[in-house]
Amino acid sequence: MRFRRLLIGLLCLAGLAVLLDFGVAAYSEYRVSRLLRTGSNLSADPAINFQESLRHPFVVQAMDGDFLGMGIGARTMRSDIPGQISVEADLTGIHLSMRNLIDGNVRKVPVDEVTGRVRFEPTELGRLFQIPDLQVYGPYADSSDIPADADAAASTATPTKVAALILQGTVPIGPDADAVSVTDPRDDGRDHTTKKTNAVKVHVLAEMRLDGDQIRITATAISGRDLQADTDSVLPGQQRTVVPEQDRPAVLAHFTRTIDIKNMPFGMAPAKVQASGGQLVVTGTASDTTVDLNRLQP
């Protein structure tokens with residue numbers, strides 16, 4: 001009987017310890033989230049996640065002033081892009097006393113390593129390119145589309161490397177192309193009678209380069225599939241639209257853009273950019289550095 005009572009008591013203590021650990025971690029995540037929202041002028045509280053394990057519960061880390069790591073995720077506005085982009089950071093080996101965290105004294109926090117990412121999603125990229133249904137693929141998906149001098153495995157661009165991409169979207173063609181309003185074919189609106197007919201969906205081969213704080217995307221050629229008539233279709237409405245030769249430079253210009261990188265976490269320098277899941281993801285890393293947990297973006 002006494003052993004049973006002792007076991008029940010130990011289980012109760014373990015449960016209280018778990019609740020205490022969870023409560024302290026939740027409060028700390030809330031504190032960092034509020035500090036980042038205020039310091040970075042975010043529209044919503046960013047997601048904060050402290051790492052812990054059975055051997056290293058959060059309370060023990062807090063008492064030691066050494067945290068395993070922390071993940072940060074936020075959405076932020078860009079004045080040059082209608083919409084929001086994602087800003088993320090993974091911090092490993094954070095040296096911060098619990099007292100400083102509670103007091104909000106987090107302007108100089110040593111970390112062993114930090115990896116930051118900025119994600120441009122398809123919707124925002126479509127607004128930036130003014131191609132509502134823009135899709136980004138990389139590397140080249142069809143060997144028949146690859147230029148002879150292209151690197152088919154290059155889906156990641158660094159300051160010394162050019163990435164190969166395929167861009168897909170609907171753009172206007174013809175002499176009145178500048179006056180054409182291209183609507184998003186994915187739109188489920190009921191009124192489809194105003195859509196222009198002098199627009200075509202094309203696949204464009206492009207090169208992507210990381211140049212300092214800019215992503216340079218240069219459309220180099222229209223995919224071969226959009227330069228040949230679809231001889232298999234017998235119905236006029238189902239035939240593939242061929243991009244006329246005189247319209248090809250204008251089409252390539254629609255898919256050529258320079259994107260400024262303004263939101264790297266903690267002022268990090270971008271090191272590479274890649275196309276992943278329809279997104280453009282810019283990444284930077286730093287080791288043995290000091291960050292300001294009160295300010296996610298400069």
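Note that the structure is predicted; figures quoted are calculated from it, not measured.

About the thresholds
Residues numbered from 1 in each chain as written. Predicted model: local features only at pLDDT ≥ 70, side-chain atom pairs only at ≥ 80, totals over all residues. Heavy atoms only, no water. Helix = DSSP H or I, 4+ residues; strand = E, 2+ residues; numbered from the N terminus. Buried < 20%, exposed > 50% of the residue type's maximum accessible area, 1.4 Å probe, protein only. Core = buried A, V, L, I, M, F, W, Y, C linked by side-chain atoms within 4.5 Å. Contact = heavy atoms within 4.5 Å. pLDDT = per-residue confidence, 0-100. Patch = residues over 30% accessible without salt bridge, like charges linked within 9 Å, V, L, I, M, F, W, Y side chains within 5 Å. Areas by Shrake-Rupley, 256 points an atom, 1.4 Å probe, with all protein chains shown as cover. Salt bridge = Lys/Arg side-chain N within 4 Å of Asp/Glu carboxyl O. Lys, Arg positive; Asp, Glu negative; His and termini not counted. Charge placed at Lys NZ, Arg CZ, Asp CG, Glu CD. Pairing = 2+ DSSP bridges. Axes fitted to C-alpha atoms, helices over the stretch in contact; angles between N-to-C directions.

Trainee: Break down the overall build of the protein chain for me, with residues and values.
Mentor: A count of helices and strands for the protein chain gives five helices and 12 strands. Put simply, the protein chain has 298 residues, and 41% of those count as buried.

Trainee: Give me the nonpolar core: which residues, what numbers.
Mentor: Residues F120, I215 and F255 are the most contacted members of the largest nonpolar core, which totals 37 residues. Of all the elements, strand β8 (residues 199–211) adds the most residues to this core, at six residues. Those residues within four positions of F120 in sequence are excluded, and the remaining contacts are R78, I81, I85, L125, I215, I259, D260, Q279, L280 and V282. Core analysis: the next-biggest nonpolar cluster, separate from the first, contains 29 residues, L35, V87, V106 and M268 among them.

Trainee: Report on the confidence of the model for the protein chain, specifying residues and quantitative values.
Mentor: On average, residues of the protein chain carry a pLDDT of 79, and 73% of them reach 70 or more. The element-level mean pLDDT for the protein chain is lowest in helix α1 (residues 2–40), coming to 71, with strand β4 (residues 109–120) highest at 95. Confidence over residues 141–154 falls short of pLDDT 50; this stretch has 20 contacts with residues more than four positions distant or in other chains. Note on residues 233–239: pLDDT under 50 across the span, and five contacts to partners over four residues away in sequence or across chains.

Trainee: Before we move on, can you summarise a negative patch on the surface with the specific residues and values?
Mentor: On the surface, a cluster of negative charge is contributed by D64, D66, D112, E113 and D288. If you trace the backbone, D64 turns up in helix α2 (residues 58–64). Given a relative accessible area of 55%, D64 falls into the exposed group.

Trainee: Mind laying out the side chain of N263, listing which residues take part and the relevant values?
Mentor: Along the chain, N263 turns up in the loop between β10 (257–260) and β11 (272–276). In contact with N263, other than residues within four places in its own chain, are T76, M77, R78, I85, V87, V118 and Q297.

Trainee: How would you explain the sheet that holds β4 if you had to name every residue and give the values?
Mentor: Spatial ordering of the open sheet is given by β1-β2-β3-β4-β12-β11-β6, a layout of seven strands whose pairing is antiparallel. Either end of the sheet is taken by a strand with one partner, and the two such strands are β1 (47–50) and β6 (156–157). Relative to β4, strand β3 (residues 81–95) is paired through eight bridges, and the arrangement is antiparallel. What sits directly across from A89, in β4, is G116. Packing against the sheet, helix α4 (residues 122–129) makes contact with β3, β4 and β12 (279–291), and its axis sits at approximately 130° to β3.

Trainee: Give me the pattern of salt bridges: which residues, what numbers.
Mentor: Applying the stated criterion across every chain yields a total of 10 salt bridges. Measuring nitrogen to oxygen at the nearest pair gives 3.0 Å for the salt bridge that ties R75 to E121. On the criterion of sequence distance, the pair formed by R75 in strand β2 (residues 66–78) and E121 in the loop between β4 and α4 is long-range, its members being 46 residues apart. The exposure class assigned to R75 is partly exposed, which follows from its relative accessible area of 31%. R107 is paired through a salt bridge with D292; the nearest N and O atoms lie 3.4 Å apart. In this pair, R107 sits in the loop between α3 (98–103) and β4 while D292 sits in the segment after β12, placing the two residues 185 residues apart along the sequence. What you see here is one network of salt bridges that share partners, running through E88, D90, R117 and R119.

Trainee: For unusual backbone geometry, give the residues involved together with the corresponding values.
Mentor: Trans is the prevailing form of peptide bonds, just as negative phi is the prevailing case for residues other than glycine. Of note, the phi angle at Q130 is positive, near 60°, even though the residue is not glycine. When its relative accessible area of 65% is taken as the criterion, Q130 is described as exposed. For D288, which is not glycine, the phi torsion reads 50° and is therefore positive. One can find D288 in strand β12. Its relative accessible area of 69% is what places D288 among the exposed residues.

Trainee: Which residues make up the environment of V171, and what are the values?
Mentor: Its place among the elements puts V171 in strand β7 (residues 162–172). Taking the C-alpha atoms as reference points, V171 and V200, separated by 29 residues in sequence, lie 5.6 Å from one another.

Trainee: Which residues make up a nonpolar patch on the surface, and what values go with them?
Mentor: Taken together, the side chains of Y27, Y30 and I102 present a nonpolar region at the surface, about 300 Å² in accessible area. Here Y30 is to be found in helix α1. Overall, the relative accessible area of 48% leaves Y30 in the partly exposed class.

Trainee: Outline the environment of A219, supporting the account with residue identities and numerical values.
Mentor: Note on placement: A219 falls in strand β9 (residues 214–222). Considering only alpha carbons, one finds A219 and E207, 12 residues apart in sequence, at a separation of 6.4 Å. The contacts of A219, once residues within four sequence positions are left out, are V204, L205, A206, L252, F255 and T256.

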